[in-house]
Every structure is written in structure tokens, then in C-alpha cells.
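Understanding the architecture of this molecule
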Amino acid sequence: MITATRHESWVAMVEDKQLVEIMFDRPDQGRIVGDIFLGRVEAVLPGIQAAFVDIGTEKAGFLHVSDLEHEDDEDENGGRNRRSRKYPPIQELIRKGQEIIVQATKEPIGTKGSRLTAQISLPGRFLVYMPGASRVGVSRKIEQRDERARLKKLGKSILPENAGGIIVRTVGEELTKATFEREFKRLRATWKKIKARADSSKAPATVHREAKLISGVIRDLFSDKFGSVIVDSRDVYSEILQYVKNVDPELKERVRFHDDPVPLFDKYGIGEEVQRTFDRRVDLPSGGHIVIEPTEALVSIDVNTGRYTGKRDAESTILKVNMDAAREIAKQLRLRDVGGIIVCDFIDMESQQNRDMVLQELRSHLGRDRARTKAFEVSGLGLVEMTRQRVRPSLFQSLTLMCPTCRGRGRIQAPATVVRTIERSLKRAGSSGSEKSILVKVHPEVALRIMEEEPGFVRRMSRYTKIEVDVRDDPLLGQDDFRFLSGPAETDVTAKYAAA
């Protein structure tokens, strides 16, 4: 399902009436994955075998030595055997100030700039063209041996010598030589235009923009495996229909326009599902639940039995909850687009057979994910460590801001704690000898605490500090925040005296 306005576009993928993947884009997001740049090397760092490249964005991009162009090191599936390769020192390959064509493979996340590669790839509907490679690969998702061999042979037959390499995409299965040739020529012509643009530009410069969200999704994903694509924008509907008529006319009947006064996402309950992706807690069918906690270094997921007590023994109860959790974890990672390192704390099980069953269930459901994932064996502490390919910030990071009240901690100081902090800060102000009067502004909850629990607080602090102290509530302040305003001019001196 696709809903689009001038301000944002959303794509929701539904399987068996369940939302499994959600993608969105806004003009102000500045997405750059897939974009190609003429960059300038800012610094070469031999210690980490990487370089920082200025591509015209706020933060310089990160380019590792393994992402530079090398002699062809692809496997038969189009992947790269990077771990088994030894590369020349990066300082022998590039230098500071050098101009280089690079492509963004990951969005900037947090304090990190975008991840870059010099191994350019141009995706089409059926092929991915790699001008710096020289071999033919076939998507791993095409599993039939005979078809893989046919496609590889076909790819070699259309690939001129020294013209680059290609990967046959999953939707390229069972296609003809004429279709392949037509797309290869188009992709190669695009690359020639990119090169010409780079040759006439001065770094840093953007020399190619990747297709936007909706165009990219239709190009990369829409096939006969989809029952339909439902669109609520007349313009987007027309664009998709025209594209499908040109590349795969048999699919045009599956493109449908949502002509209904009820908004598309409301009709199918998508909006509520998206809101639930912000919740820490996710309930399981068994009565247990999982708690998802994003941190700077990793995402932790805790599994709890909750109110489920089972019907037999403890081990079978725990197994039931863990199996439910394995399925839900795989679903939530995909739905929330969580990436990086993930640690799952399943409930401890005595049986090795049961532990293996849970791990197998997790891996089975992770197999449906388009992002590369890997779940490792259960550790000695009973944890399952896993990784998921991170290309962009998660849905949670993209749609939310850090809470200005708790500053990302998830908790705030209790009113009693704030009062004690104010007390220490007033004592500090008193010891300076510089203040005659201080107005203390606090949140109403803190003011209520002082009035009800410590009615003599103001008189006591005035006597102790030799400062005329007054307290006033301010609902605009955070609950654990306060302000010191000095003298008749009410000069803010909070930073001068605030104690830890």
C-alpha cells in the first residue's frame, strides 16, 4: 500500500493481513543512500585503513579500504569475499585532496557520517550494473540450479568485454535475452552520463540521484509475488501504471487506485500499527511479552513470561513463551527497521534441544527479512547475539526526537530529588556572597512537594544562606528542571550555582 502527499510518502507491505514492513520519505529527510558523488578525500587514516571523504554533506563520509575498487573479488552470487581478502595499505591507494567517485551505502546515523563505497552499482529492474567489476552474479534468492546456470550464461552473452559486471536480480528469473540487453544498454548509458557529469564538475558534487522511495520500491520489489499495489495518490498511481506497462505489462492489473473517502491507512489499520512501533513493550499471544530497548551501542530485547503460567511444567511454559518471542522479535526488527547489533535475552531453558528449537525458529523467521541478518548461537549467559544490516536510521529514530525533559535517559528526577538539588544549589549561592535575592522557578509538581512536605523550606533556606529566597511554579519548565533568577532584574544565574 502506498499513500503519498506533497510532504511525505509511505509504503506499507502487508503479508497475510499483517503489516510486516513500513518505509517512509520526506523531502526534508535528505536521503542519500544510492546517490553517487564526486568527493574529495579529506583525510587518510592508516591506523584504521579508512578515509574521510567530503561529499558536500554536513559530515564527511567514511570510506574503508575494502570499499575501494580492487581486482574483481566477487563470489558467484555477486557478493564480495572481503573477510578472506588482504588489501594493499589505503595510503598507497588514495591520498588527501584526491577527487574520487563514491556512492552512499548507509545514511548518516547519529554522530556518524554516511558509509561510502567506490564500487559503484546501478540498480535496474532486472539487473544491477557494476562498472568497476567484470563478472556475472545471480541473486541468491534464485535457487534452482538450472535457472542460475542459464541466467549466468545469458548474462555473459550480453556483457561486452571490459564493460563492467552485472548481477541478475530476483525478478530477472525466467527473462529473455532481449529484455536483458535492453536494460544493460540503458544502465551503461546512465553510467556514461554520470562519468561525464563527474568530469565536468568540481568536488564535492552530487552526480547522480537514486530513485526516490516509491519508484525504488516498485522497481526493486513489485513482482507477480504481490497480490496488488494499492495507491491513494492519482499522480503516483499514473506513474506506477506507466512504469509497469513499460517493464512488465502483466502486472498492470495488480495496480489499484484507492478511491474511497476513508483514508487508505485508516481502512487497513496501518496507522495504529505504526504508532505501536514506538512502544517498548510488545505483548505475545501466549500472555508473555518482550521489551525492546534501543541504546547507542546496541538494541537489547528482553523476554518475559508475564501473566502466562502454562498448563504443565515450567520448561514447557518457558519454551512456549520463547517460541512466541522468536517470531515476534523477527517481525519487530523488520517492522521497526532496527539495525546493528541486537542482543536477545530469552528466558533460560535447561534443555539444549529446546534452546536449539528457539534459535531455529528465530532464524527461520529472520529469513523473510530483505535486510541481511545473522543470529549466533546461544551464549554462556543465555543470550542470542545477532546483527541486522543497517542502511538508514530506524523508524523510531527517524520519526522521533530526543525528549527535552529526560534528555534521552527515559527517566526524570523525582520531585524530592529536585528539591535536594535546589537546596545544594542555594547553599552554593549563599557561600558566594554575591546574591541578595533569588527567585526559584520550579515545575508545579516540585512546588507542590515543597508546599505539602516541606512548608518551612523557603524560610529555612533564607535563614541559612542569608539570601531572600522565593519559590514560584512555572508549568513551562520540565518536571526535574529549575531556574535561579537573581535580583529585581531576574537575571538567570542557574548555570552559575546549579549543583549536581
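In this text the structure is predicted, and so the values were computed from the model without any measurement.

The subject of this paragraph is the overall build of the chain. Each helix and strand counted, the chain has 13 helices and 25 strands in total. Reported as C-alpha extents along the three principal axes, the dimensions of the chain are approximately 95 × 70 × 55 Å. In the chain, which comprises 500 residues, the proportion classed as buried is 46%. For the chain, long-range pairs separated by at least 24 residues make up 66% of all intrachain contacts whose partners lie at least 6 apart in sequence. Just so you have it, the chain exposes about 27700 Å², and 48% of that area is on carbon and sulfur atoms. For the chain, the distance from the average position of its 84 positive side-chain charges to the average position of its 76 negative side-chain charges is 3 Å.

In this section: the pairing of strand E3 (residues 18-25). In terms of burial, E3 is largely enclosed, as seven of its eight residues are buried. Two elements, strand E2 (residues 9-15) and E3, share seven bridges in a ladder whose sense is antiparallel. Paired with Glu 15 across the two strands is Gln 18, which belongs to E3. Between E2 and the antiparallel strand that follows it, E3, lie two residues; Asp 16 among them carries a positive phi value of about 50°.

Moving on: the sheet that holds strand E10 (residues 127-130). Taken in spatial order, the four strands make up an open sheet running E9-E10-E12-E11, and their pairing is mixed. The sheet is open, and its two borders are formed by strand E9 (122-123) and strand E11 (136-138), each paired with just one other strand. Sheet topology note: the E10/strand E12 (residues 165-168) ladder contains four bridges and is antiparallel. Counted as the bridge partner of Val 128 is Ile 167 from E12. Here helix H1 (residues 145-158) sits on the sheet in contact with E10, E11 and E12, set at roughly 150° to E11.

In this structure, the amide linkage connecting Ala 203 to the following residue, Pro 204, adopts the cis form with an omega of 0°. With respect to the helices and strands, the residue Pro 204 is situated in the loop between helix H2 (177-199) and strand E13 (205-208). For Lys 17, which is not glycine, the phi dihedral falls at a positive 65°. Here Lys 17 lies in the loop between E2 and E3. Here Lys 17 falls in the exposed class, since its relative accessible area comes to 81%. Positioned with a positive phi, Asn 162 is a non-glycine residue whose angle comes to about 60°. Within the element layout of this structure, Asn 162 appears in the loop between H1 and E12.

Within the secondary structure, Ile 329 is located in helix H7 (residues 314-336). With 92 residues separating them along the chain, Ile 329 and Thr 421 place their C-alpha atoms 41 Å apart. Setting aside residues no more than four positions away along its own chain, Ile 329 makes contact with Ile 290, Ile 301, Val 303, Cys 344, Phe 346 and Leu 362.

Our next topic: the packing of aromatic side chains. For the coordinates displayed, the defined rule picks out seven aromatic pairs. Consider the rings of Phe 222 and Phe 226, whose centres lie 6.3 Å apart with planes at 70°: the pair is edge-to-face. Above the face of the Phe 257 ring, Arg 234 is positioned so that its terminal group lies 3.8 Å from the ring centre.

In this model H7 runs 32 Å from its N-terminal to its C-terminal C-alpha over 23 residues, within 8% of the 33 Å that 1.5 Å per residue would give. Burial within H7 is extensive, with 19 of its 23 residues counted as buried. Phi turns positive, to about 55°, at Asp 337, one or two residues after H7.

Mapped onto the elements, Asn 322 comes out in helix H7. With relative accessibility at 0%, the residue Asn 322 sits in the buried group. Ignoring any residue separated from it by four or fewer positions in sequence, one finds Asn 322 in contact with Val 303, Phe 346, Ile 347, Met 349 and Val 358.

On E12, burial covers both faces: Gly 165 and Ile 167 on one face and Ile 166 and Val 168 on the other are all buried. Crossover connection from E11 via H1 to parallel E12: handedness left-handed.

Axis separation between helix H10 (residues 415-432) and helix H12 (residues 457-465) bottoms out at 9 Å; the angle between their running directions is 25°. Overall, the two elements H10 and H12 adopt an arrangement that is roughly parallel. Two packed elements cross with a definite hand, and for H10 against H12 that hand is right-handed. Between H10 and H12, the contacting residues are Val 419, Arg 420, Ile 422, Glu 423, Leu 426, Lys 427 and Gly 430 on the first element and Phe 457, Arg 460, Met 461, Tyr 464 and Thr 465 on the second. Residues belonging to the contact of H10 with H12 are distributed by class as follows: six nonpolar, two polar and four charged.

This paragraph deals with the sheet that holds strand E18 (residues 299-304). In a beta sheet, neighbouring strands pair by backbone hydrogen bonds and run either parallel or antiparallel. If you walk across this open sheet you meet the six strands as E16-E17-E18-E19-E21-E20, and the pairing is mixed. The two strands at the open ends of the sheet, each matched to only one other strand, are strand E16 (281-283) and strand E20 (373-378). In this sheet, neighbouring strand axes are inclined to one another by 20° on average, regardless of whether the strands run parallel or antiparallel. Across six bridges, strand E17 (residues 289-294) lies against E18 in antiparallel orientation. Within the sheet, the bridge partner assigned to His 289 lies in E18 and is Asn 304. Strands in contact with H7 are E16, E17, E18, strand E19 (340-345) and strand E21 (383-388); relative to E18, the strand with the most contacts, it is inclined by about 150°.

Each value, and the rule that gives it
- Residues numbered from 1 in each chain as written.
- Predicted model: local features only at pLDDT ≥ 70, side-chain atom pairs only at ≥ 80, totals over all residues.
- Heavy atoms only, no water.
- Helix = DSSP H or I, 4+ residues; strand = E, 2+ residues; numbered from the N terminus.
- Buried < 20%, exposed > 50% of the residue type's maximum accessible area, 1.4 Å probe, protein only.
- Contact = heavy atoms within 4.5 Å.
- Areas by Shrake-Rupley, 256 points an atom, 1.4 Å probe, with all protein chains shown as cover.
- Lys, Arg positive; Asp, Glu negative; His and termini not counted.
- Charge placed at Lys NZ, Arg CZ, Asp CG, Glu CD.
- Pairing = 2+ DSSP bridges.
- Axes fitted to C-alpha atoms, helices over the stretch in contact; angles between N-to-C directions.
- Phe/Tyr/Trp six-rings, centres within 6.5 Å; stacked < 30°, edge-to-face > 60°.
- Lys NZ or Arg CZ within 6 Å of the ring centre and 35° of its normal.
- Expected span 1.5 Å × (residues − 1).
- Right-handed = clockwise from strand over helix to strand, strands pointing away.
- Parallel < 35°, antiparallel > 145°, perpendicular 65-115°, else oblique.
- Left-handed = near helix turned anticlockwise from the far one by under 90°.
- Nonpolar A, V, L, I, M, F, W, Y, C, P; charged D, E, K, R; others polar.

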